[in-house]
Amino acid sequence: MKKIEEFNLISFESTHMAIKSEKLLKEVDLDIRIIPVPREITSSCGLSLRINPLDYNEAIKILVKNMIKFSGCYLIKKTGFKKEVLDINT
Amino acid sequence: MVLIKIDAIGLACPLPVIQTKKALKNIEINGSVETIVDNESSMENLLKMAKEMALESNYKKIEEHRYKVTITKGEGSISANSNDNKSNKKMVIAISSDKMGEGIDELGDVLMKGFIYTLTEMDTTPTTVLLYNGGAKLTVENSPLLEDFKTLEGMGVEILTCGTCLNYYNLGDKLAVGEVSNMYTIMERLQGANKLIRP
């Protein structure tokens, strides 16, 4: 009976960018939260945004509009404690 | 002799075990917890838990899909407050602020959110998480960390929030996960810890 979750993840080049992004997206009530970058992903500042896939496109739009630099975009599939990371950088 | 009755019919695993464990914790000495469950595997899990805690137990099939498990805590039961049988490996996390570390609040906030989130992802969970002073703000309604604390509770972690602190911050009726605790319990958990973590 393992819990399965799927979510998008964006990693950032700086902590400030991550915190700013959280604020921007919370303001418009998107389903996001700031979490430490999972071990499976190496680069970046150590903070990332976990995003409900339903809100992902909207989030990206807002971040791009606000000229936020991010270092990676991923789709994470979590089964119990195991994570599967799919790099969706384009 | 105290007798606590729990109706766990319709509850999904591991809730019957969690509720029974909680009830057992409330019994100091000499008491029983009687749990009614509707399936055999819940019954077996309860018996297993009793065995792990070195407590006496018995069960009875009352009718189809109704099992009664009685777990008795006699005098001198020692594993009363342990989360499981790892009583010599009690890990306690004491959180005294809603921020992690000292410095700028904005960063401390993010770090604390990350800390609790990461805790839910570890396969070694603490026995108890204590929350006092500013930490008490993390387990109340509208806390961004509520879901994570509920996840931890579901994993069998005891979540104890300082009642004096809730009262001071006017959050007395807002606790949304775990239980209210007092200085005696906090002291007991701190003293009983084999490993104490203070983020």
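Structure shown above.
Summary of the structure given here. (Residues numbered from 1 in each chain as written. Chains lettered and ligands numbered in written order. Predicted model: local features only at pLDDT ≥ 70, side-chain atom pairs only at ≥ 80, totals over all residues. Heavy atoms only, no water.)

## Some words on the sheet that holds strand 5 (residues 82-87) of chain A
Residue and element names in this part refer to chain A. On the basis of which strands lie adjacent, the open sheet formed by five strands has the order 2-3-1-4-5 and antiparallel pairing. Edge strands, defined here as strands with exactly one partner in the open sheet, are strand 2 (32-36) and strand 5. The average undirected angle you get between the axes of adjacent strands in this sheet is 35°. (Pairing = 2+ DSSP bridges. Helix = DSSP H or I, 4+ residues; strand = E, 2+ residues; numbered from the N terminus. Axes fitted to C-alpha atoms, helices over the stretch in contact; angles between N-to-C directions.)

## Description of the state of the cysteines
All names here are of chain B. One pass over the full model with this rule turns up one disulfide over all chains. In this model, Cys162 is linked to Cys165 through a disulfide, with the two sulfur atoms separated by 2.1 Å. The chirality of the disulfide connecting Cys162 with Cys165 is right-handed, given an S-S dihedral of about 80°. Residue classification places Cys162 among the buried residues on the basis of a relative accessible area of 6%. (Disulfide = S-S within 2.5 Å. Buried < 20%, exposed > 50% of the residue type's maximum accessible area, 1.4 Å probe, protein only.)

## Concerning the packing of helix 3 (residues 105-121) of chain B against helix 4 (residues 146-154) of chain B
All names here are of chain B. Closest axis-to-axis distance for the helix 3/helix 4 pair is 9 Å, and the angle between their directions is 30°. Here helix 4 runs roughly parallel to helix 3, going by the angle between their axes. Between helix 3 and helix 4 lies a crossing whose hand is left-handed. Contact residues: Ile116, Tyr117, Leu119 and Thr120 in helix 3; Asp148, Phe149, Thr151 and Leu152 in helix 4. A breakdown of the residues in the contact of helix 3 with helix 4 according to their chemical character gives five nonpolar, two polar and one charged. (Parallel < 35°, antiparallel > 145°, perpendicular 65-115°, else oblique. Left-handed = near helix turned anticlockwise from the far one by under 90°. Contact = heavy atoms within 4.5 Å. Nonpolar A, V, L, I, M, F, W, Y, C, P; charged D, E, K, R; others polar.)

## Re the sheet that holds strand 7 (residues 158-162) of chain B
Residues and elements named next belong to chain B. In spatial order, the strands read 8-7-6-5-9; together these five strands make up an open sheet with parallel pairing. Each edge of the open sheet carries a strand with a single partner, namely strand 8 (179-181) and strand 9 (195-197). Strand-to-strand, the axes of this sheet are offset by a mean angle of 25°, without reference to chain direction. With three bridges joining them, strand 5 (residues 91-95) and strand 9 adopt parallel strand pairing. Paired with Ile93 across the two strands is Ile197, which belongs to strand 9.

## What to know about the nonpolar core
Inside soluble globular proteins, nonpolar side chains tend to come together where they are buried. If you look at the biggest cluster of nonpolar residues, it comprises 20 residues, and the most contacted ones within it are Ile10, Leu25, Ile34, Leu49 and Ile51 of chain A. Top element by residues in this core is helix 2 (residues 56-65) of chain A. It accounts for five residues. Among all residues touching Ile51 of chain A, those that are not within four sequence positions of it are Phe7, Asn8, Ile10, Asp31, Ile32, Tyr56 and Ala59 of chain A. The next biggest cluster of nonpolar side chains, apart from the first, holds 18 residues, and it includes Met49, Ala50, Val69 and Ile71 of chain B. (Core = buried A, V, L, I, M, F, W, Y, C linked by side-chain atoms within 4.5 Å.)

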